[in-house]
Amino acid sequence: MNKLIYLGIFTAIISITACHNNDDDNNDPNILNGSFHAVIDGVAWDAEADNVGAVVIVSGGVTTLSISSSSAADTSHFFFTFPYFTNTDTVIANPFASGTVLRFQDYKVGGGVFDANTGTLNVSKSIQDGIETYTGTFNGNFRGVPFDTLNIKVITGGTFTAKRLI
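Quick notes on the rules
Residues numbered from 1 in each chain as written. Predicted model: local features only at pLDDT ≥ 70, side-chain atom pairs only at ≥ 80, totals over all residues. Heavy atoms only, no water. Helix = DSSP H or I, 4+ residues; strand = E, 2+ residues; numbered from the N terminus. Buried < 20%, exposed > 50% of the residue type's maximum accessible area, 1.4 Å probe, protein only. Contact = heavy atoms within 4.5 Å. Areas by Shrake-Rupley, 256 points an atom, 1.4 Å probe, with all protein chains shown as cover. Core = buried A, V, L, I, M, F, W, Y, C linked by side-chain atoms within 4.5 Å. pLDDT = per-residue confidence, 0-100. Phe/Tyr/Trp six-rings, centres within 6.5 Å; stacked < 30°, edge-to-face > 60°. Pairing = 2+ DSSP bridges. Axes fitted to C-alpha atoms, helices over the stretch in contact; angles between N-to-C directions.

**Details of the overall build of the protein chain**
Then comes step 1: The helix and strand inventory of the protein chain stands at one helix and nine strands.
Then comes step 2: Its helices and strands in sequence order give the protein chain the pattern α-β-β-β-β-β-β-β-β-β, from N to C terminus.
Then comes step 3: A buried classification covers 33% of the 166 residues belonging to the protein chain.
Then comes step 4: For the protein chain, the proportion of contacts with a sequence separation of at least 24, taken over those separated by at least 6, is 51%.
Then comes step 5: Accessible surface, the protein chain: about 10,000 Å² in total, of which carbon and sulfur atoms supply 56%.

Structure follows, in structure tokens:
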């Protein structure tokens, strides 16, 4: 019986001391939260911080970066895909190179695609503590598919910050 009591006490001590082991101090669940803001036809649009993300996709030997954001309020979202930075690049030199797709979608513009002739896109990358951070600005027209003249969203003041673990 004494052995069971000592075993129980020993187990409790190990459990308590293990719970106080804070080797996970850097595991902040919000560390990868980003921001995404735009003014759409004169109305401010913001994604929730935890609905902004970045992911690297390798398909057919081509590496691309995708940044997405969404607003739970109206289920609208932005989805940007462009050529991935090389290890030494900090700025995308030609963001409208082959493989670049910028989309905005809401219930009015199904699959609105960015018209590169109407605006700009600037993206830069930084790396710190194992996290890649992409910051950028954009503006221009997003048109319904195929580039019709009726369903146009004019985007101004677009800014974003998206992060991913490396």
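**Remarks on the nonpolar core**
Then comes step 1: With 26 residues, the main nonpolar core has F36, I67, F78, F80, F82 and F138 as its most contacted residues.
Then comes step 2: The set of elements that each furnish at least two residues to this core consists of β1 (35-40), β3 (52-59), β4 (62-70), β5 (77-83), β6 (101-105), β7 (112-128), β8 (131-143) and β9 (152-165).

**Section: the confidence of the model for the protein chain**
Then comes step 1: Looking at the protein chain, pLDDT values average 78 and 75% of them are 70 or higher.
Then comes step 2: Confidence, expressed as mean pLDDT per element, reaches its minimum in the protein chain at helix α1 (residues 2-19) with 44 and its maximum at β1 with 94.
Then comes step 3: Overall, residues 2-25 carries pLDDT values under 50, and its contacts beyond four positions in sequence, including any with other chains, amount to zero contacts.

**Let's talk about the packing of aromatic side chains**
Then comes step 1: Applying the stated criterion across every chain, the model contains 15 aromatic pairs.
Then comes step 2: Taken together, a centroid distance of 5.8 Å and an interplanar angle of 85° make the contact between F78 and F142 edge-to-face. With a gap of 64 residues between them, F78 in strand β5 and F142 in strand β8 connect regions that are remote in the sequence.
Then comes step 3: Judged by its relative accessible area of 0%, F142 is buried.

**Digging into the sheet that holds β5**
Backbone-to-backbone hydrogen bonds pair the strands of a sheet. The strands run either parallel or antiparallel.
Then comes step 1: In spatial order, the strands read β2-β1-β9-β8-β7-β6-β5-β4-β3; together these nine strands make up an open sheet with antiparallel pairing. Only two strands of the sheet have a single partner each, and these edge strands are β2 (43-46) and β3. Adjacent strand axes in the sheet meet at a mean angle of 20°, parallel and antiparallel pairs treated alike.
Then comes step 2: When β4 meets β5, the two strands line up antiparallel, connected through seven bridges. Bridging from a neighbouring strand, S68 pairs with F79 of β5.

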